[in-house]
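Here is how the chains run, residue by residue.
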Amino acid sequence: MRRRDFIGNAALAGALLPLAGAGAAAAPKAPLLPRPLAPGDTVALVSPSSAVDDSFDLQLAQEVMEALGFTVRTGAHYAARRGHLAGTDAQRAGDINTAFADPDVRAVICTRGGSGAARLLPLLDYDAIRADPKPLLGYSDVTALHSAIHAKTGLVTFHGPIGAGSWNRFNVDQFRRLFFERELMHYRNLVEAGDELVPRRNRTVTITGGKARGELVGGNLTVLTAIAGSPYLPDFDGRILFLEDVSEAPYRVDRMLTTLRLMGALDRIAGFIFGECTDCDPGDGYGSLTLSQILDDHIRPLGIPAYRGAMIGHIRQQFIVPVGGQVELDADAGTFRLLEPVFQSA
């Protein structure tokens, strides 16, 4: 049963606020679009999660942003370390808040994912984010930031390559088309046969055919379920849910999808896209459900358009997906496309 909050006293019992899940806050009805980005702008590099393994990665992240044509401003603590984290919670959150409050900074780029971003959610200045909406880019653990910022402000953010990740030709092309040309992207997998008679790489598989329209929400499955029950989870009503993960045994994927089903999230989505679950093979010695069987168990009974295999996740070539963007999903074709701009008018 969907939980509701009463507003006021018994006289206002008819005025109810639907919640996205246990303790979750519904996102604003209208998305908040970030201001457009252009070559020559200043971008901030921040480290909201784990510290990098090699400080050279930070140099590479800065060089990538400069090669894209940006002036780079690094967070005061982006190279810090506390255990596995890139500094204390206050330091990491402070760098994000500073970047959003700085009028000269036009985008916030996360150097890497890992773990720890969810610890920052109560420390973020959502008023400052709302006052100066700008693009946030990252994936994996950065899902916590995407979800919380969208739930609290409605801002469209971007699930895609981290600063220290691979900026190959495909990813750079995605970035330029989406951020500089502000194209209404059509996300279609790059399928190449190579030396195979029949193409195998980047193939999509339809779970349930059909088309659906809605606002994109989601990201990393582990991170999304870790914030279940908090006020930082997005609204799932009528949304297109996209998911990805890495190094999770199938039984854990099953457990997490069960969590989303039991909290009612899966019953409310309009469509479903599963990206890559990299290194998600079962362990030795025991039988295991396959990922295909798990998706059949949890997603197929919903009867909504759904497919798997999208180029989203811990892979070298990956889509840059606007969290909060309005899309149309075509599960038979294994594609989705933007229906509306995801940036303010220039």
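Residues numbered from 1 in each chain as written. Predicted model: local features only at pLDDT ≥ 70, side-chain atom pairs only at ≥ 80, totals over all residues. Heavy atoms only, no water.

### Some words on the sheet that holds strand 5 (residues 105-110)
- Reading across from one edge, 4-3-5-6-7-14 is the order of the six strands in this open sheet, with mixed pairing throughout. Sheet topology places strand 4 (71-74) and strand 14 (321-323) at the edges, where each strand pairs with a single neighbour. In this sheet, neighbouring strand axes are inclined to one another by 25° on average, regardless of whether the strands run parallel or antiparallel.
- Both strand 7 (residues 157-159) and strand 14 contribute to a ladder of three bridges, which runs antiparallel. Among the inter-strand pairings, Phe 158 is bridged to a residue of strand 14, identified as Pro 322. (Pairing = 2+ DSSP bridges. Helix = DSSP H or I, 4+ residues; strand = E, 2+ residues; numbered from the N terminus. Axes fitted to C-alpha atoms, helices over the stretch in contact; angles between N-to-C directions.)

### Looking at the pairing of strand 5
- In terms of residue burial, strand 5 counts as a mostly covered element, since six of its six residues are buried.
- Alignment of strand 5 against strand 6 (residues 136-138), held across two bridges, turns out to be parallel. Bridge pairing links Val 108 to Leu 136 in strand 6.
- With respect to chirality, the unit in which strand 5 leads through helix 3 (residues 126-131) into the neighbouring parallel strand 6 is right-handed. (Buried < 20%, exposed > 50% of the residue type's maximum accessible area, 1.4 Å probe, protein only. Right-handed = clockwise from strand over helix to strand, strands pointing away.)

### Considering the UniProt feature "active site" (unreviewed entry) in the protein
- The UniProt entry lists Ser 140, Glu 244 and His 314 under the feature "active site" (unreviewed entry), expressed in the numbering used here. Maximum C-alpha separation among the annotated residues is 8.1 Å over a sequence range of 175 residues, consistent with a single clustered spot.
- Within the fold, Glu 244 resides in strand 11 (residues 240-246).
- The exposure class of Glu 244 is buried, given its relative accessible area of 0%.
- A distance of 3.2 Å separates the side chain of Glu 244 from the side chain of Asn 220, its partner in a polar contact.
- Structurally, His 314 can be placed in the loop between strand 13 (306-308) and strand 14.
- Every residue in contact with His 314, bar those within four places of it in the chain, is listed here: Tyr 139, Ser 140, Asn 220, Glu 244, Asp 245, Val 246 and Thr 278. (UniProt positions renumbered as here; feature names shortened; annotations may be inferred. Polar contact = N/O pair within 3.5 Å; in protein donor to acceptor, adjacent residues only side chain to side chain. Contact = heavy atoms within 4.5 Å.)

### Quick notes on the UniProt feature "domain: LD-carboxypeptidase N-terminal" (unreviewed entry) in the protein
- Mapped onto the present numbering, the UniProt feature "domain: LD-carboxypeptidase N-terminal" (unreviewed entry) falls on residues 43-160.
- Taken end to end, residues 43-160 is 36% helix and 17% strand, and its two terminal C-alpha atoms sit 16 Å from one another.

### Here's the deal with the side chain of Gln 318
- Assignment of secondary structure puts Gln 318 in the loop between strand 13 and strand 14.
- A distance of 3.5 Å separates the side chain of Gln 318 from the backbone oxygen of Ile 315, its partner in a polar contact.
- What Gln 318 contacts, discounting residues up to four positions off in sequence, is Tyr 139, Gly 160, Pro 161, Phe 170, Asn 171, Gln 174, Met 311 and Gly 313.

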